[in-house]
Amino acid sequence: MLNKPNYALLSVSDKTGIVEFARGLHDLGIKLLSTGGTAKAIKEAGIPVTEVSEFTGSPEIFDGRVKTLHPKVHGGILNIRDNDAHQKTAKEMDIKNIDIVAVNLYPFEKVAGNPSSTLEEIIENIDIGGPAMVRSAAKNHAYVTIVVHPHDYKKILQEIKEQGSTSIETRRVLAAKAYSHTALYDTVISNYLGRKFQLRFREEFTVGGRLIQTMRYGENPHQDSAFYKEPLMSETGVCYAQQQHGKELSFNNIVDLNSAEELLKEFKRPACVIIKHNNPCGVAEADTLSEAYDKALACDPVSAFGGIFGLNREVDEDVAKKIAEIFVEVAAAPSFSEKAVEILSKKPSIRIMIMEEIDGRSSEYDVKKVTGGYLLQDRDLHSFDDFKSLPCPTKRKPTDEELQSLEFAWKVAKHVKSNAIVYVKGSAAIGVGAGQMSRIDSTKIAYMKAEQAFGKDAVKGAVMSSDAFFPFRDNIDAAAAYGITAIVSPGGSVRDEEVIQAANEHNIAMIFTGIRHFRH
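Here the structure is a predicted model, which is why all the values come from computation and not from measurement. (Residues numbered from 1 in each chain as written. Predicted model: local features only at pLDDT ≥ 70, side-chain atom pairs only at ≥ 80, totals over all residues. Heavy atoms only, no water.)

A. The side chain of D99, seen in detail. Within the secondary structure layout, D99 lies in strand β4 (residues 98-104). A residue is classified by how much of its surface remains accessible, and D99, at 11% relative accessible area, is buried. In terms of polar contacts, D99 uses its side chain to reach the side chain of R81, at 2.8 Å. Excluding residues that lie within four positions of it along the chain, D99 makes contacts with K4, P5, N6, Y7, R81, Y143, V144 and T145. (Helix = DSSP H or I, 4+ residues; strand = E, 2+ residues; numbered from the N terminus. Buried < 20%, exposed > 50% of the residue type's maximum accessible area, 1.4 Å probe, protein only. Polar contact = N/O pair within 3.5 Å; in protein donor to acceptor, adjacent residues only side chain to side chain. Contact = heavy atoms within 4.5 Å.)

Here you go:
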């Protein structure tokens, strides 16, 4: 067990609980050191505190850029207490032991996230002395207690009061937290400057997040899981969702909820998206949310059971009554009327999620974890300013009505696992073939789904979208047999001429986008 702490250095940007912590330390007979605004707050509370500049005998210089970078600070933190040589040097240089360090860092994230901040202001909020003290104290955690989170103040005071010092177990945990704190801080700065200075795919890349919640379990009950939010993310996303009712979200709920919101971002009119196992099993756009809901559910009512329902307008009483008729895991929308909440809250299993309005897209990377590493890529945010201008290599050109349906189908196919085939009538999906190893199987499954939901001639007069080119004409022949009248795909196959010939033989109009939307 260590001796009772000598000095505590408190220098925090987030001053939550710092006065109470300082008072508790003072009452335990620990001398306080501090800087700037933290020292002012402690003094105003009537608690004795020594300014670091007085402690070191060196004034703050360069507008406060240098204040704690001093041997009396870092020597007081870093010296090994039971090393005779270290203690001899400390005595010769009049270095006092600093046994507790409470530091959190300049609010870089807050300033950088403010659109009105200048680059100069943002740079000035890169902390130098703070991370140095945190890392020094964490390195010497065998003797020094480092605390970066206000919620740990109480535990530290309690241990010192009961035991005379903190336990080695506590100091180890706090040291690990401290390095996470500085690592995330540097990650935020690195990624911000990388974007600002357009440094793409640099030699070193770090991923950082802040804990939102621990999950009941991961994809399966034997897997532990937690949910983290990426700092400085400006785009609306599932991280910002607020739960209004229902049991805790699961890992799979969050994955599916993210898919629902990403697909909803494609639409401006009232829309409903139903996600099951990370694939849309119902998507529709309409003049009213109620109509969009009806059409989305009609696509695959069997698969919709236990699905994630995403809507891009306020859910009113009418839509809430419809949602309440079936088992729904999550209902997510920008808002719910008071009556809608009352109706849905009668179902204890459903989660009601408030999702922010869609307000633009971010150019952040898409990051995929593989064993031992990460894959980074640009997000697939491609869209067409004028879908009507895309090339049509077939003899028959699509009608205006077909073009509208083709554009809708293309947006949906972008969010379906490859190989993806989507059949659409109007602005509603009627059949989805997802995640098959061969495209012809997806083509057949999409037809089967449509036939199950709407009957034998369901696909007659519908349009078809494929996320990638057709390797053979068999998909076109099958589509023709089902009654498809127009198709959109990227093109680019070595057999494009064969595919176009098949479309011409069946009088099918075909659009080539030149853009592939594989989704693995």
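B. Layout of helix α5 (residues 84-92). Near the N-terminus of α5, the side chain that reaches the backbone nitrogen of A85, with its oxygen 3.0 Å away, is that of N83. Within two residues after α5, D94 carries a phi angle of roughly 55°, on the positive side.

C. Representation of a nonpolar patch on the surface in the model. A contiguous nonpolar patch, built from L119, I123 and F197 and spanning about 250 Å² of accessible area, is present on the exposed surface. For F197, a relative accessible area of 51% corresponds to the exposed category. (Patch = residues over 30% accessible without salt bridge, like charges linked within 9 Å, V, L, I, M, F, W, Y side chains within 5 Å. Areas by Shrake-Rupley, 256 points an atom, 1.4 Å probe, with all protein chains shown as cover. Salt bridge = Lys/Arg side-chain N within 4 Å of Asp/Glu carboxyl O.)

D. A look at the sheet that holds strand β3 (residues 50-51). A sheet is described by the order of its strands in space; here 5 strands give the open sequence β3-β2-β1-β4-β5, paired in parallel fashion. This sheet does not close on itself; its edge strands, each paired only once, are β3 and β5 (145-147). Taken together, the 4 bridges between strand β1 (residues 7-12) and strand β2 (residues 31-34) define a ladder with parallel strand orientation. Bridge pairing in β2 places Y7 opposite K31. Together, β1, β2, β4 and β5 form the strand contacts of helix α1 (residues 18-27), whose direction differs from that of β1 by roughly 175°. (Pairing = 2+ DSSP bridges. Axes fitted to C-alpha atoms, helices over the stretch in contact; angles between N-to-C directions.)

E. Spatial organisation of the nonpolar core. Membership of the largest hydrophobic core comes to 43 residues, with the highest contact counts inside it found for L257, F267, V273, V283, M353 and F387. Looking at this core, the elements that each hand over two or more residues are α11 (251-264), β9 (271-276), β12 (328-333), α16 (400-413), β16 (421-425), β17 (428-433), β19 (486-489) and β20 (509-512). Looking at this core, the element that brings in the most residues is α16, giving 7 residues. Each of domain 2 (241-354) and domain 3 (389-512) gives at least three residues to this core. Here V273 is in contact with A260, L263, L264, F267, G282, V283, I308, F309 and G310, once residues within four sequence places are set aside. A112, A175, Y185 and V188 belong to the second-largest nonpolar core, a separate cluster that totals 31 residues. (Core = buried A, V, L, I, M, F, W, Y, C linked by side-chain atoms within 4.5 Å. Domains from an automatic or database assignment.)

F. The arrangement of the packing of aromatic side chains in detail. Taken as a whole and judged by the stated rule, the model has 10 aromatic pairs. Considering the side-chain rings of F108 and Y192, the 5.7 Å spacing of their centres and the 80° angle between planes classify their relative orientation as edge-to-face. Of this pair, F108 sits in helix α6 (residues 108-112) while Y192 sits in helix α10 (residues 168-196); the two residues are 84 residues apart in sequence, bridging distant segments of the chain. The burial state of F108 is the same as that of Y192; both residues are buried. Ring centres of Y447 and Y482 lie 3.9 Å apart, and the angle between their planes is 5°; this geometry places the pair in the stacked category. Highlighted residues: Y447 in helix α17 (residues 439-454) and Y482 in helix α18 (residues 474-482), separated in sequence by 35 residues. When sorted by exposure, Y447 lands in the same class as Y482, which is buried. One Lys or Arg, K31, reaches over the ring of Y7 and ends 5.0 Å from the middle of that ring. (Phe/Tyr/Trp six-rings, centres within 6.5 Å; stacked < 30°, edge-to-face > 60°. Lys NZ or Arg CZ within 6 Å of the ring centre and 35° of its normal.)

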